[in-house]
Amino acid sequence: MTAEGPAQSRAPVAAETLSKKRAAPPVPPSLQGFLSLNDFEVAAQKHLPRMLHGYLAGGVETDWSLTDNRRAFAEWGFIPRCLTDARARNTKASLFGREYDAPFGIPPMGSAALLAYRGDIALAQAARAKNIPYILSASSLIRMEDVAKANPDAWYQAYLPGEPARIEPLVDRVIAAGFKTFVLTVDVQVSSNRENNIRNGYTIPLKPTFRLFWQGATHPRWAFGTWFKTLQNHGMPHFENMDAGRGPPILSRDLERAFGARDGLSWPHLELIRKRFPGKLLIKGVLHPDDVVRAKQIGVDGFMVSNHGGRQLDGAVSGLRMLPEIVKVAGDCPVIYDGGIRRGTDVMKAYALGADFVFVGRPMLCAAAVRGQPGVERAIDLLQEEIHRDLALVGVNTMDALGPELLTKV
């Protein structure tokens, strides 16, 4: 046989391999222009009224903590390994005994259904379709029972006052709704000083003013595609999941949300939740290692290291900077990072510094706002594809192969 024989026999195999790689469903034309998470954020700024975009994208006071979340990633560079056979790489990651297709999830984001039509449902269903975790916010506008039907694997996140009379019936409602994971946010002792909300005219609940009307009128796609569509199909949105009962409407001239004594929330209340909730219990917003040690003694199952996206204490350090210290004391409890992730390399840096999982928030809600559930699925795919590509470029095949030896301070 001539030398041409083997070459000809290999050609069909190469063609078959290429055809398999192209087997993924085509991207709809309306989503083909979105090539990164940032593209969704840019589109959302144009799509949303100024007050709503300011609420979504803003931080607090000087935005120091908001900026530090991105700055912390920029201070680490990769040291790639070469000549690694990366054909077997995958983006799967496990959390609490379950394997997910991508190493990231969608965190709680309040008022999602005000920014995107049925926003909480869109996020929950996209997460379920792509096999990643999703957390429902206590500040959501769709009943937790409805979200649980849309995604039976969703988690619930709570903002709680230090009042057992409000804590116990809410926990019981969460259990009855079928949630198996309860996330307690611990960094909202008081409302933060979000000056950008005041300047933009954003209040909770929204106050009916000419300014509100004008912002809606000058953003008709949002006004008719989200606001009026919601009113027509589901009535006035209410804060549905802060307590065991229904909260106030999102639009009201006189009503106020009853936050309660959040500054009274303390360790005995965490113990109360631990005794009452039979599933997994996490705390979100932890930055100090000593708090992790104490929470472990109470029986907390995991920790979300976060400075609340730079939206609470201005000057709070990025969770990425504290991640290695938290990992040292967490032991077998999963450590989850949340804050400032925009690229696949950001996800990988967090894993290399010890995270067991990460969550990605604002860009996912932006995707829901401009393109609904298909937009969120596209955002998930884009980030997952970046990670899959970058694993090969770094020289590893799995997320758990990422470690500090692949990073250097720059």
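Reference entry: report on the structure contained in this document. (Residues numbered from 1 in each chain as written. Predicted model: local features only at pLDDT ≥ 70, side-chain atom pairs only at ≥ 80, totals over all residues. Heavy atoms only, no water.)

The subject of this paragraph is the side chain of Glu-145. On the secondary structure map, Glu-145 appears in helix H7 (residues 144-150). Among the polar contacts listed, one links the side chain of Glu-145 to the side chain of Arg-173, at a separation of 2.9 Å. Contact partners of Glu-145, with chain neighbours within four places excluded, come to Arg-173 and Ala-177. (Helix = DSSP H or I, 4+ residues; strand = E, 2+ residues; numbered from the N terminus. Polar contact = N/O pair within 3.5 Å; in protein donor to acceptor, adjacent residues only side chain to side chain. Contact = heavy atoms within 4.5 Å.)

So, about the nonpolar core. Counting residues in each nonpolar core, the largest one holds 122 residues, and the members touching the most others are Phe-104, Ile-106, Leu-114, Leu-123, Tyr-156, Phe-182 and Leu-402. When residues of this core are assigned to their parent elements, the largest contribution, 15 residues, is made by helix H16 (residues 362-394). Other than its neighbours up to four places away in sequence, Phe-104 contacts Ile-132, Pro-133, Phe-357, Val-358, Val-360, Met-364, Ile-380, Leu-383, Gln-384 and Ile-387. (Core = buried A, V, L, I, M, F, W, Y, C linked by side-chain atoms within 4.5 Å. Buried < 20%, exposed > 50% of the residue type's maximum accessible area, 1.4 Å probe, protein only.)

When you line up the elements, Phe-239 lands in the loop between helix H11 (220-234) and helix H12 (267-276). Accessibility expressed as a relative area gives 0% for Phe-239, which makes it buried.

A few words on the environment of Gln-215. Along the chain, Gln-215 turns up in helix H10 (residues 210-217). As for Gln-215 and Asn-151, which are separated by 64 residues in sequence, their C-alpha atoms are 33 Å apart. Setting aside residues no more than four positions away along its own chain, Gln-215 makes contact with Pro-49, Arg-50, Met-51 and Asn-200. Here Met-51 takes part through its backbone nitrogen, which lies 2.8 Å from a polar atom of the side chain of Gln-215.

Neither face of strand S9 (residues 302-305) is open: one carries Gly-302 and Met-304, the other Phe-303 and Val-305, and all of them are buried. Relative to S9, strand S8 (residues 280-286) runs parallel, the two being bridged by four bridges. Following the sheet pairing, Lys-284 is matched in S9 by Met-304. (Pairing = 2+ DSSP bridges.)

Reading across the sheet, the eight strands line up as S4-S11-S10-S9-S8-S7-S6-S5 and stay open at both edges, with parallel pairing between neighbours. Two strands close off the open sheet at either side, each with one partner strand: strand S4 (104-105) and strand S5 (135-136). Sheet topology places strand S6 (residues 155-158) next to strand S7 (residues 181-185); three bridges connect them, and they run parallel. If you follow Ala-158 over to S7, its bridge partner there is Leu-184. Together, S7 and S8 form the strand contacts of H12, whose direction differs from that of S8 by roughly 155°. (Axes fitted to C-alpha atoms, helices over the stretch in contact; angles between N-to-C directions.)

With that settled, consider the packing of helix H4 (residues 64-74) against helix H14 (residues 319-330). The contact between H4 and H14 brings their axes to 8 Å, and the two run at 65°. Facing H4, whose interface residues are Asp-68, Asn-69, Arg-71, Ala-72 and Phe-73, H14 presents Gly-319, Leu-320 and Arg-321. Of the residues assigned to the contact of H4 with H14, the class counts are three nonpolar, two polar and three charged. (Nonpolar A, V, L, I, M, F, W, Y, C, P; charged D, E, K, R; others polar.)

The next thing to look at is the pattern of salt bridges. Side chains bearing opposite charge may pair, as long as their charged atoms lie close to each other. Within the structure shown, the criterion is met by 22 salt bridges. Put simply, Asp-346 and Arg-70 hold a salt bridge, and the shortest N to O gap is 2.8 Å. A residue pair is termed long-range when its members are at least 10 positions apart, and Asp-346 in helix H15 (residues 344-352) and Arg-70 in helix H4 qualify at 276 residues. For Asp-346, a relative accessible area of 4% puts it in the buried group. (Salt bridge = Lys/Arg side-chain N within 4 Å of Asp/Glu carboxyl O.)

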